[in-house]
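Summary of the model geometry
Each chain is listed here by its residues.
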Amino acid sequence: MQEEWKNYDPGKFYDELISRPGNARKPAKKLFSYLKSLSAEDLAGRRQAAEATIKAMGVTFTVYTDEGNIDRSWPFDIIPRVIAKKQWDTTAEGLKQRLQALNLFIDDLYHDQKIIKDGIIPEFVLKQSVNYRKECEGISPAFGVWAHICGTDLVRDSDGEFYVLEDNLRVPSGVSYMLENRSIMKRVLPEVFETVDIAPIADYPARLFDMLCSLSPRKGEKPVIAVLTPGIYNSAYFEHAFLAQQMGAELVEGSDLVVNSDNCVYMKTISGLERVDVIYRRIDDMFIDPDVFHKDSVLGVRGLMRAWRAGKVALANAPGAGVADDKVIYAFVPQVIKYYLDQDPILPNVETFLCYDDKQREYVLANLDKLVVKPANESGGYGMIVGPHSTKKEREQFAELIKANPRNYIAQPTLDLSTAPTIVGKHSPEPRHLDLRPFILQGKDTYVTTGGLTRVAMRKGSLVVNSSQGGGSKDTWIVDTDGESK
Amino acid sequence: MLSKVAERVYWTARYLERIESTARLISIYDKLLFDLPRSVHLSWYNLITINSLDKDFSERYEVRDERNVVKFLIGDESNGSSIVSSLKAVRENVRTTRDVIPADVWYMINELSMYTQENLMQGINRSKRYDFLNEIIHGCQKILGTLYSDMPRDAAWEFLRLGRNLERADMTTRNIDAAVSAILETEKLGEAVNSHQIIWLNLLCSLNADHSYRRTMHESVKGQAVVEYLLMNKAFPKSVGYCLSSMANAGRRLPNASEVRDEILAIKLEYIIDYTAEDLGVALRNYLNELQIRIIGMHQKISATWFTA
């Protein structure tokens, strides 16, 4: 594949592996020479092997379609994405700092709201936040932590720096795929693991388990941990089952749990009711308890909020934590870090325009063709517009949406997302845009995954990496190059 | 152990057993039809009757020929007991109980599902059917073997045993019933003497019991001995008596099991221990029918005791 690799040219974009045609970046050098040694048939064979492995391992995600829900094989590209350990270590510190500040912020919002009284964040932003839960006011979860599991989306711009694109503090998913990607990789390209010093990632489930245990309200006893799933029709069901299995926790649905008059949560077992101490819930706030939120929710557990408020059960993430992944709040995170930690943010935000502000909105409306505009509270890449890829009609429609509800929209410059070589169809590797979702845990301690889930936009030029919209994924390697000669 | 997980494990075992016995039944039936005299028009449709699927079948097909019967039993998704549907159910159940089932079993079920989907036509056409069914039987045995080798002997294991043995007991009674009805059919035609032995031997084969029967009973294949062997033998793992004993043992290690165990032992006492197969005709069919109803009742008791907490 020597020739094909010489022709690989990412152009103006920062490429994760290749610095200029024919040359690999330092942490990717060994990988690159290995890839060059493979023939085109060899590479195609490995790719088929990966597909077969994914099927046999049953790694799927569920797509909602008109004909019902379909289980699709997890899309995976065999060329990994490589990041130097040194850069990663700084990034990980930045992620910890960010989550610590966000948790202090959420705790403040549900107690004294000092940050609003001190004029850092305008009051109406909070008042109009759809993810602020009045029902959570005055509650003090263990360690003051509300968002125990956070998936933060990072992107690399053409300058090679990581920027935070968004924080997912509700029920972020993807970590199981990060772990399975590594297992697939080890089966498909085992040789390369012998030569490259790739940091392992397998400790995540153990760390998650320890974190969840640390939240248990019953001290001195081995806590009973449950993963609460909406069920097999949820797009992330694979992950719920995977994590429960990896942790040795119970995988439960709402109908398996009851809250009794003692405010404790119990699961229905073959020997009767057994108390549950910590629930890692993968159901949105509005569905967890029909007594308090959506009355017709059949996914949740009646009385769960009562049990939580009484301190008889820990919920991760805590209800109401999503208030901080409002994209308007996102714009304030640098100030939030400064305010609570008195530190400068380690990781920069992407420049963000707030449409509720008259001046900024004016700028956004005048530059729709250059900007990415997102609704403040959607996830999964829905309801947004990518200016340079849009039609005039779409921009006009979007302008109306913004004017009708300015608080609900933010805009960002269209970033030159970094690329990595990706095998598409039967062709030689081509550059495709990608992002990175590391997962951060906070309980008593804070932990960041080694790397994260790399998602790839498989269509040429596309910036949409969501698997529900044709995105793929890659294994992510954190490689230590210290001590190696240049 | 969660009630729901217990239920799913139990059904996993039932469906796995059903897949294997369906595959075996079809692959043996071929041979039987070849061996019987041409004047005996034993029909493929008997396989539908054995499994009490007459109503479902008639909703899908008019012609009761080999192709439709085999299609219905192997590949029809509208038939909840077909191999394809049962495999789907196994996969769904294991997918939702991955925390108690060895990871290898999950991979094997994925592989078996893929094989079945990709080679379905081989099963329906006659020329490669035997290989196809054999592959499925081996797939099931690989899964059972892994469970046997790697499953911790905890509550989940006991529910697997309960499910497997209940399904087996039920299948064994159905297989005997099918043989008896075939015998009755041949008697009408006066072909009885030649055909009986073929049918009884076929019954043993479809339960993989022919070798052990000969070794244990020390006599040639005769109706009464075959029926007694399949109902009462204490060592043959598909005999109804053996299945009931296994279930009673499984129950001993589960909480709140006394009612279920009492019922299992009652069935054993009433139907197995003192039984002699004197009449191999209508009386036997009635007896088998009652036994099947008691087995279904036992399922309901299991469900009420552990699954609907």
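These figures come from a predicted structure and were not determined experimentally.

About the cut-offs
Residues numbered from 1 in each chain as written. Chains lettered and ligands numbered in written order. Predicted model: local features only at pLDDT ≥ 70, side-chain atom pairs only at ≥ 80, totals over all residues. Helix = DSSP H or I, 4+ residues; strand = E, 2+ residues; numbered from the N terminus. Rg over C-alpha atoms; globule rule 2.2 N^0.38 Å. Contact = placed C-beta atoms within 7 Å. Nonpolar A, V, L, I, M, F, W, Y, C, P; charged D, E, K, R; others polar. Axes fitted to C-alpha atoms, helices over the stretch in contact; angles between N-to-C directions. Parallel < 35°, antiparallel > 145°, perpendicular 65-115°, else oblique. Left-handed = near helix turned anticlockwise from the far one by under 90°. Buried ≥ 20, exposed ≤ 12 C-beta atoms within 10 Å, placed from the backbone. Pairing = 2+ DSSP bridges. pLDDT = per-residue confidence, 0-100. Core = buried A, V, L, I, M, F, W, Y, C linked by C-beta atoms within 7 Å.

Moving on, we get to the overall build of chain B. Along the backbone of chain B there are 15 helices and zero strands. The globule rule puts the C-alpha radius of gyration for 309 residues at 19 Å, and the 19 Å found for chain B is close to it. Dimensions of chain B, computed from C-alpha atoms along their principal axes, come out at roughly 55 × 50 × 40 Å. Contacts spanning at least 24 positions in sequence make up 67% of the contacts within chain B whose residues lie at least 6 apart.

Before going further, it helps to spend a moment on the environment of A:Gly300. Residue and element names in this part refer to chain A. For glycine 300, the position within the fold is in the loop between strand S13 (278-281) and helix H11 (304-309). Placed twelve residues apart in sequence, glycine 300 and isoleucine 288 show a C-alpha to C-alpha distance of 4.0 Å. Here glycine 300 is in contact with Gly254, Ile283, Phe287, Ile288, Asp289 and Pro290, once residues within four sequence places are set aside.

What follows concerns the interface of chain B and chain A. Counting from both sides, the interface comprises 20 residues of chain B and, opposite them, 18 residues of chain A. Elements represented by at least two residues in the side of chain B that touches chain A include exactly helix H1 (3-35) and helix H6 (103-118) of chain B. In terms of residues, the side of chain B that touches chain A owes the most to one element, H6(B), which gives five residues. Residues belonging to the side of chain B that touches chain A are distributed by class as follows: eleven nonpolar, four polar and five charged.

Residues and elements named next belong to chain B. For the pair H6 and helix H8 (residues 129-150), interaxial distance at closest approach is 10 Å and the crossing angle is 175°. It follows from the interaxial angle that H6 and H8 lie roughly antiparallel. Residue-level contacts link Asp104, Val105, Met108, Ile109, Leu112, Tyr115 and Thr116 of H6 to Glu135, Ile136, Gly139, Lys142, Ile143, Thr146 and Leu147 of H8. Among the residues making up the contact of H6 with H8, the classes are represented as eight nonpolar, three polar and three charged.

Residue and element names in this part refer to chain B. Their axes nearest at 9 Å, the elements helix H13 (residues 240-252) and helix H14 (residues 258-273) cross at an angle of 160°. The angle between H13 and H14 places the two elements in the roughly antiparallel class. Our pair here, H13 against H14, has a crossing hand that is left-handed. Judged by residue contacts, Val240, Gly241, Leu244, Met247, Ala248, Gly251 and Arg252 of H13 engage Val260, Arg261, Ile264, Leu265, Ile267, Lys268 and Ile272 from H14. Each residue belonging to the contact of H13 with H14 can be placed in one class, and the counts come to nine nonpolar, two polar and three charged.

All right, on to the pairing of strand S11 (residues 265-269) of chain A then. All names here are of chain A. Burial within S11 is extensive, with four of its five residues counted as buried. In sequence, strand S10 (residues 257-259) turns back onto S11 through a hairpin of five residues, with asparagine 263 there showing a positive phi of about 65°. When S11 meets strand S12 (residues 272-276), the two strands line up antiparallel, connected through five bridges. Of the residues in S12, the one forming a bridge with threonine 269 is glycine 272. Between S11 and the antiparallel strand that follows it, S12, lie two residues.

Moving on, we get to the sheet that holds strand S16 (residues 371-375) of chain A. Residue and element names in this part refer to chain A. The strand order across the open sheet built from four strands is S15-S18-S16-S17, with neighbouring strands paired in antiparallel fashion. Each edge of the open sheet is held by one strand with a lone partner, namely strand S15 (353-354) and strand S17 (385-386). In this structure, S16 lies alongside strand S18 (residues 409-413), joined through five bridges in antiparallel fashion. The residue of S18 that forms the bridge with lysine 374 is isoleucine 410. Taken strand by strand, helix H12 (residues 327-341) contacts S15, S16 and S18, and its axis lies near 55° from that of S18.

On to the sheet that holds S12(A), then. Strand pairing in a sheet relies on backbone hydrogen bonds. The paired strands run either parallel or antiparallel. All names here are of chain A. Pairing within the open sheet is antiparallel, and its three strands lie in the order S10-S11-S12. On the outer flanks of this sheet lie S10 and S12, each paired with one strand and no other. Averaged over all neighbouring strand pairs, the angle between strand axes comes to 40°, with direction disregarded.

Let's shift gears to the confidence of the model for chain B. The predicted structure's coordinates, where accompanied by low pLDDT, should not be read in detail. All names here are of chain B. Per-chain confidence: chain B averages 91 in pLDDT, with 98% of residues scoring 70 or above. For chain B, the element scoring lowest by mean pLDDT is helix H10 (residues 192-206), at 85; H13 scores highest, at 96. Across the interfaces of the predicted complex, the ipTM metric reaches 0.84, alongside a pTM of 0.90.

Now for the environment of B:Val84. Residues and elements named next belong to chain B. Secondary-structure assignment places valine 84 in helix H5 (residues 83-95). Between the alpha carbons of valine 84 and leucine 120 there is a distance of 8.9 Å; along the sequence they are 36 residues apart. Those residues in contact with valine 84, other than ones at most four positions away along the chain, are Ile74, Gly75, Glu77 and Thr116.

Formed by 232 residues in total, the largest nonpolar core has its most connected members in A:Ile106, A:Ala226, A:Val373 and B:Ala6. Counting residues per element, this core draws most heavily on H1(B), at 14 residues.

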